[in-house]
Amino acid sequence: MKIKPTVFIVDDDEAVRQSLQLLAESVGLQARCFAGPCEFLNAYDSSLPGCLVLDVRMPGMSGFELKAKLSERKIDLPVIFLTGHGDVDMGVGAMKTGAVDFIQKPPNDEVLLDSIQKAIQQDAEKRRLSAERDGVAERLASLTKRERQIIELLVQGDPDKQIAHELDISIRAVGLHRRKILEKFCVNSVVELTRLVVKLGP
């Protein structure tokens, strides 16, 4: 069953948390609120899709510090920063961390919802590519030693005759191995195989 994306809201102001939760839920989004970064870190499961709406200035740990903690843990959850005391330098700093957006409080509802939708789409695409990459890695791991040798040469663009000569096997054997490799990767041609391995291979 597909997991519904969640808008994770981290802000030390309860009124702001409630307002943002109501806004997200008003357009059918699921939302969870946290009073601070530590509470969020202790509760968040990186397998859960969605995005993070994060206050910049909070006691104990700032929003920027939380973003750094997530990066340390290899958690690439899209972040939208909110601040009541923003300036140009802070905004530039936020975008350098890879944030989706940097928005002044109180946020314009439409602007914030647009950013949330963008962040959720970005997260979904990253997770899709990650799943595809994992699938390619599994298929590569399932190859025999000979198939690994052949796939490396196929991806280089070497023709069957050259592969046969280099590996000291028959052209027919190369063809049989190639067909089996294409079946394992669920593609119909060496061109498709090459695109898949180059784009998603480890």
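Bear in mind that the values here come from a model prediction, so they are computed numbers and not experimental data.

## Quick look at the sheet that holds strand E2 (residues 30-34)
Think of a sheet as strands paired side by side through backbone hydrogen bonds, with each pair either parallel or antiparallel.
Move 1: In space, the five strands of this open sheet follow the order E2-E1-E3-E4-E5, with parallel pairing throughout. Unpaired on one side and paired on the other, E2 and strand E5 (101-104) mark the two borders of the sheet. With strand direction ignored, the average angle separating the axes of adjacent strands in the sheet is 20 degrees.
Move 2: As paired elements, strand E1 (residues 6-10) and strand E3 (residues 50-55) share five bridges and run parallel to each other. Of the residues in E3, the one forming a bridge with Thr6 is Gly50.
Move 3: Of the strands in this sheet, E1, E3 and strand E4 (79-83) touch helix H3 (residues 63-72), which is tilted by about 145 degrees from E3.
Move 4: Sitting on the sheet, helix H5 (residues 109-142) touches E1, E3, E4 and E5, and the angle it makes with E3 is about 135 degrees.

## Comments concerning the state of the cysteines
Move 1: In the structure shown here, the tally under the stated rule is zero disulfides.
Move 2: A disulfide-free cysteine, Cys33 has its sulfur positioned 12 Å from the sulfur of Cys51, the nearest such atom.
Move 3: Not part of a disulfide, Cys38 finds its nearest cysteine sulfur in Cys33, a span of 17 Å.

## Describing the confidence of the model for the chain
Move 1: Summing up the model confidence of the chain, the mean pLDDT is 90 and the portion of residues at 70 or higher is 95%.
Move 2: Ranking the helices and strands of the chain by mean pLDDT puts E1 first, with 98, and helix H4 (residues 88-96) last, with 67.

## Some thoughts on the pairing of E2
Move 1: As paired strands, E1 and E2 are joined by five bridges and run parallel to one another. Across the sheet, Val10 pairs through a bridge with Phe34, a residue of E2.
Move 2: On the question of chirality, the crossover connecting E1 to the parallel E2 by way of helix H1 (residues 14-26) is right-handed.

## Overview of the packing of aromatic side chains
What characterises a pair of aromatic rings is the spacing of the ring centres plus the angle enclosed by the ring planes.
Move 1: A full pass over the atoms with the stated rule returns six aromatic pairs.
Move 2: Aromatic side chains Phe8 and Phe40 sit 5.9 Å apart centroid to centroid with 65 degrees between the ring planes, which places their arrangement in the edge-to-face category. A residue pair is termed long-range when its members are at least 10 positions apart, and Phe8 in strand E1 and Phe40 in helix H2 (residues 37-43) qualify at 32 residues.
Move 3: Overall, the relative accessible area of 1% leaves Phe8 in the buried class.

## Regarding H1
Move 1: For H1, spanning 13 residues, the distance from its first C-alpha to its last is 18 Å, which sits close to the expected 18 Å at 1.5 Å a residue.
Move 2: Those residues of H1 lying buried are Arg17, Leu20, Leu23 and Ala24. In an axial view of H1, the angular spread of the buried residues amounts to 130 degrees, which keeps them on one side of the axis. Turned more than 90 degrees off the buried face of H1, the exposed positions are Ala15, Leu22 and Ser26.
Move 3: Contact partners of the buried residues in H1: E1, E2, E3, E4 and H5.
Move 4: Measuring from the backbone nitrogen of Ala15 back to the side-chain oxygen at the start of H1 gives 2.9 Å, which picks out Asp13 as the cap.

## Some details on the pairing of E4
Move 1: In terms of burial, E4 is a largely internal element, five of the five residues being buried.
Move 2: With burial as the criterion, each face of E4 is covered, one bearing Val79, Phe81 and Thr83 and the other bearing Ile80 and Leu82.
Move 3: Of the crossover connections in this fold, the one passing from E3 over H3 to the parallel E4 is right-handed.
Move 4: Bridge analysis of E4 against E5 gives four bridges, and the strand direction is parallel.

## Some details on the environment of Glu39
Move 1: Considering the arrangement of structural elements, one finds Glu39 in helix H2.
Move 2: Sequence separation between Glu39 and Asp109 is 70 residues; the distance between their C-alpha atoms is 26 Å.
Move 3: If sequence neighbours within four positions are ignored, Glu39 has contacts with Cys33 and Phe34.

## Topic: the pattern of salt bridges
Working definition: two side chains of opposite charge can pair if their charged atoms are close together.
Move 1: On inspection of all chains with the given rule, the structure shows eight salt bridges.
Move 2: In this structure, Asp11 and Lys105 form a salt bridge, with 2.7 Å as the shortest nitrogen-oxygen distance. On the criterion of sequence distance, the pair formed by Asp11 in the loop between E1 and H1 and Lys105 in the loop between E5 and H5 is long-range, its members being 94 residues apart.
Move 3: The salt bridge involving Lys184 is made with Glu147; its shortest N-O contact spans 2.9 Å. Placement of the pair is Lys184 in helix H8 (residues 171-184) and Glu147 in helix H6 (residues 145-156), with a sequence separation of 37 residues.
Move 4: In this structure Lys184 comes out as partly exposed when scored by relative accessible area, which is 25%.
Move 5: Each of Asp11, Asp55 and Lys105 takes part in a single network of salt bridges with overlapping partners.

What counts as what
Residues numbered from 1 in each chain as written. Predicted model: local features only at pLDDT ≥ 70, side-chain atom pairs only at ≥ 80, totals over all residues. Heavy atoms only, no water. Pairing = 2+ DSSP bridges. Helix = DSSP H or I, 4+ residues; strand = E, 2+ residues; numbered from the N terminus. Axes fitted to C-alpha atoms, helices over the stretch in contact; angles between N-to-C directions. Contact = heavy atoms within 4.5 Å. Disulfide = S-S within 2.5 Å. pLDDT = per-residue confidence, 0-100. Right-handed = clockwise from strand over helix to strand, strands pointing away. Phe/Tyr/Trp six-rings, centres within 6.5 Å; stacked < 30°, edge-to-face > 60°. Buried < 20%, exposed > 50% of the residue type's maximum accessible area, 1.4 Å probe, protein only. Expected span 1.5 Å × (residues − 1). Arc of directions from axis to C-beta. Polar contact = N/O pair within 3.5 Å; in protein donor to acceptor, adjacent residues only side chain to side chain. Salt bridge = Lys/Arg side-chain N within 4 Å of Asp/Glu carboxyl O.

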